[in-house]
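# Observations on chain architecture
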Amino acid sequence: MKQKISLDDVLSNAPDLILYAAPIMIGLALLEFYFSWKQKKELYEKKDFLASLSIGLVSVFQNLLIKSILFGSVIWFYNIVPWSIPVTWWTTILCFVALDFFRYWAHRFGHETSLFWATHVTHHNSEKYNLSTSFRLSWTQQIKVVFFLPISLMGFHPVVFFICHQIAVLYQFWIHTEYIRKLPKWISYIFVTPSHHRVHHGKNAHYLDKNYGSTFIIWDRMFGTFQPEDEQAIYGILDQPKHYNPVKLVFHVWGDIFRKMGKTKNPIKAVRLLFQPPDALYEDKK
């Protein structure tokens, strides 16, 4: 019979890898900042960097405060199914691949629906692309936990899930750089590289809504969203903010959503707006 697990079981066995890695990542970003300044590459803008750092630090501490809620939801779904997948090295790899598949769809919905775009836009509203960009994680992104609950329903142990999830998040750090250009073809065919992710952050017309992969680029190849890097990306979003206020950078699309919903007299249409493409928020501006 499957043994139920508790929140204490997970908290005591799932190390907070991101918290431990945070000082290293900040140090590497500062090093890249220095080389960018020394080489006059202009990859950083001081106010933009401080905004990214502020958003990232709040996100880290926020996760510490609410992780019990997130862990609890994953544990609850794991405990309600009668089956479980044994913890071995190969099932851990299987969990990572399955998680990456769901991360692809969470990321894709994060661009294709207004609700989830509001939880993700913070990561894109910088006109610079550097290691500090990886710090720009919205303070409302936890809503996307709904995409990862199937991992628990499949029977993967929550400790394995959280370790895989943190490794996937840490993988995203190194791909936010201009310094690493094209990598060998066999790597680029399977894994997300800085080249792939520069495309994803570009607002060039043919770069929009491409390369959603987190660790593996194979999902984009399978589902028709792959785009190779063929020109320099222009970074930022189409409705680009003209400020560096961290709070506004996190919540500006939420504000757009609530304003649009407030103007919609039909409550059904107002709710439907949440699941329409982000362009629907700005139709009256066109």
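Predicted model, so just to flag it, every value in this text is computed and none were measured.

Moving on: the overall build of the chain. A count of helices and strands for the chain gives twelve helices and zero strands. Along the chain, from the amino end to the carboxyl end, the secondary structure elements read α-α-α-α-α-α-α-α-α-α-α-α. Relative to the 2.2 N^0.38 estimate, which gives 19 Å for 286 residues, the radius of gyration of the chain is 19 Å and therefore close to what a compact globule would have. In terms of overall dimensions, the chain has C-alpha extents of about 60 × 55 × 35 Å along its principal axes. Taking all 286 residues of the chain together, 49% fall into the buried category.

Scanning all chains against the criterion turns up seven salt bridges. When the shortest N-O distance is used, the salt bridge between Glu178 and Arg181 registers 2.8 Å. Between Arg259 and Asp256 there is a salt bridge, with the nearest N and O atoms lying 2.6 Å from each other. In this pair, Arg259 and Asp256 both sit in helix α11 (residues 246–263), three residues apart, roughly one turn of the helix.

With that settled, consider the packing of helix α3 (residues 46–80) against helix α7 (residues 158–174). It is the contact of α3 with α7, at a shortest axis distance of 10 Å, that shows an interaxial angle of 135°. For the element pair α3 / α7, the angle class is oblique. As α3 packs across α7, the resulting crossing turns out to be right-handed. Judged by residue contacts, Leu70, Phe71, Val74, Ile75 and Tyr78 of α3 engage Pro158, Phe161 and Phe162 from α7. Class assignment of the residues belonging to the contact of α3 with α7 gives a composition of eight nonpolar, no polar and no charged.

Further remarks concern empty space enclosed by the protein. On inspection of all chains with the given rule, the structure shows one cavity of 30 Å³ or more. Its volume calculated, the largest cavity comes out at about 40 Å³. Top element by residues in the lining of the largest cavity is helix α4 (residues 89–112). It accounts for three residues. Its residues assigned to classes, the lining of the largest cavity comprises six nonpolar, three polar and no charged.

Among the eight residues of helix α9 (residues 194–201), eight are classified as buried, and the element is accordingly described as predominantly covered. Along α9, the positions that sit buried rather than exposed are Pro194, Ser195, His196, His197, Arg198, Val199, His200 and His201. Each element contacted by the buried residues of α9 is listed here: α4, α7, α8 (185–190) and α10 (218–223).

One turn of an α-helix holds 3.6 residues; hence residues three or four places apart share an orientation. With 22 residues, helix α2 (residues 17–38) extends 32 Å between its outermost C-alpha atoms, agreeing within 8% with the 32 Å of an ideal straight helix rising 1.5 Å per residue. Of all the bends in α2, the greatest measures close to 30° and is centred on Pro23. Where α2 is buried, its residues contact α3 and α7. Positive phi appears at Lys40, one or two residues downstream of α2, with a value of about 55°.

Position of Leu115 among the secondary structure elements: in helix α5 (residues 114–118). You can call Leu115 buried: its relative accessible area is 14%. C-alpha separation for the pair Leu115 and Lys210, spaced 95 residues apart in sequence, amounts to 19 Å. Excluding residues that lie within four positions of it along the chain, Leu115 makes contacts with Trp254, Ile257, Leu274 and Phe275.

A separate point is a nonpolar patch on the surface. A cluster of nonpolar side chains, contributed by Ile24, Leu28, Leu31, Tyr34, Phe35, Trp37, Tyr179 and Ile180, occupies part of the molecular surface with about 780 Å² of accessible area. As for its placement among the helices and strands, Tyr179 is situated in the loop between α7 and α8.

By size, the foremost hydrophobic cluster in this structure holds 46 residues, and its most contacted members are Val10, Phe148, Ile151, Phe161, Phe162, Val253 and Ile257. When contributions to this core are tallied by element, the ones reaching two or more residues are α3, α4, α5, α6 (149–154), α7, α11 and α12 (267–273). Take this core: its biggest share by element is seven residues, from α4. Once residues within four sequence positions are removed from consideration, Ile151 is found in contact with Cys95, Ala98, Leu99, Phe102, Phe156 and Phe161. Counting ten residues, the second-largest nonpolar core is a separate cluster that includes Leu43, Tyr44, Phe49 and Leu131.

Conventions we followed
Residue positions are given per chain, counting from 1 as you read along its sequence in written order. Local features are withheld for residues below a pLDDT of 70 in this predicted model, meaning they are given only at 70 or higher, and side-chain atom pairs are given and counted only at 80 or more; totals for whole chains, interfaces and linings count all residues. The side-chain quantities take in all heavy atoms of the structure and omit both hydrogens and water. Secondary structure elements follow DSSP: runs of H or I no shorter than four residues count as helices, runs of E no shorter than two count as strands, and numbering proceeds from the N terminus. A radius of gyration in this sense is built from C-alpha atoms; the matching globule rule multiplies 2.2 Å by the number of residues raised to 0.38. Each residue is placed in one exposure class: buried if its accessible area under a 1.4 Å probe, protein chains only, is under 20% of its type's maximum, exposed if it is over 50%, and partly exposed if it falls in between. Salt bridges are counted wherever a side-chain nitrogen of Lys or Arg sits within 4 Å of a carboxyl oxygen of Asp or Glu. Between N-to-C directions, angles cover 0 to 180 degrees, with each direction set by a line fitted to C-alpha atoms, over the stretch in contact for helices. Should an angle lie under 35 degrees it is considered roughly parallel, over 145 roughly antiparallel, and from 65 to 115 roughly perpendicular; all remaining angles are considered oblique. Crossing chirality is assigned from the near helix's rotation relative to the far helix, an anticlockwise turn below a right angle marking it left-handed and a clockwise turn marking it right-handed. We call two residues contacting when some pair of their heavy atoms lies within 4.5 Å. When residues are grouped by polarity, Ala, Val, Leu, Ile, Met, Phe, Trp, Tyr, Cys and Pro land in nonpolar, Asp, Glu, Lys and Arg in charged, and all others, Gly among them, in polar. In the cavity and pocket records, a cavity denotes points on a 1 Å grid over the protein atoms alone where a 1.4 Å probe fits but cannot get out, a pocket denotes an open set with protein on both sides within 12 Å along at least 5 of 7 lines, and lining residues are residues with an atom within 4 Å of a point. Grid points are joined across faces, edges and corners, and a volume is the space filled by probe spheres set on the points. Multiply 1.5 Å by the residue count of a helix minus one, and that product is the helix's expected span. By definition, a residue's bend is the angle between the axes fitted to the seven residues ending there and the seven starting there. Every patch collects residues that have over 30% relative accessible area and no salt bridge, joining them within 9 Å if they carry like charges and within 5 Å if they are nonpolar side chains (Val, Leu, Ile, Met, Phe, Trp, Tyr). Per-residue accessibility takes into account occlusion by the displayed protein chains alone, with areas from the Shrake-Rupley method and a 1.4 Å probe. Think of a nonpolar core as a cluster: buried Ala, Val, Leu, Ile, Met, Phe, Trp, Tyr and Cys residues, connected wherever their side-chain atoms sit within 4.5 Å.

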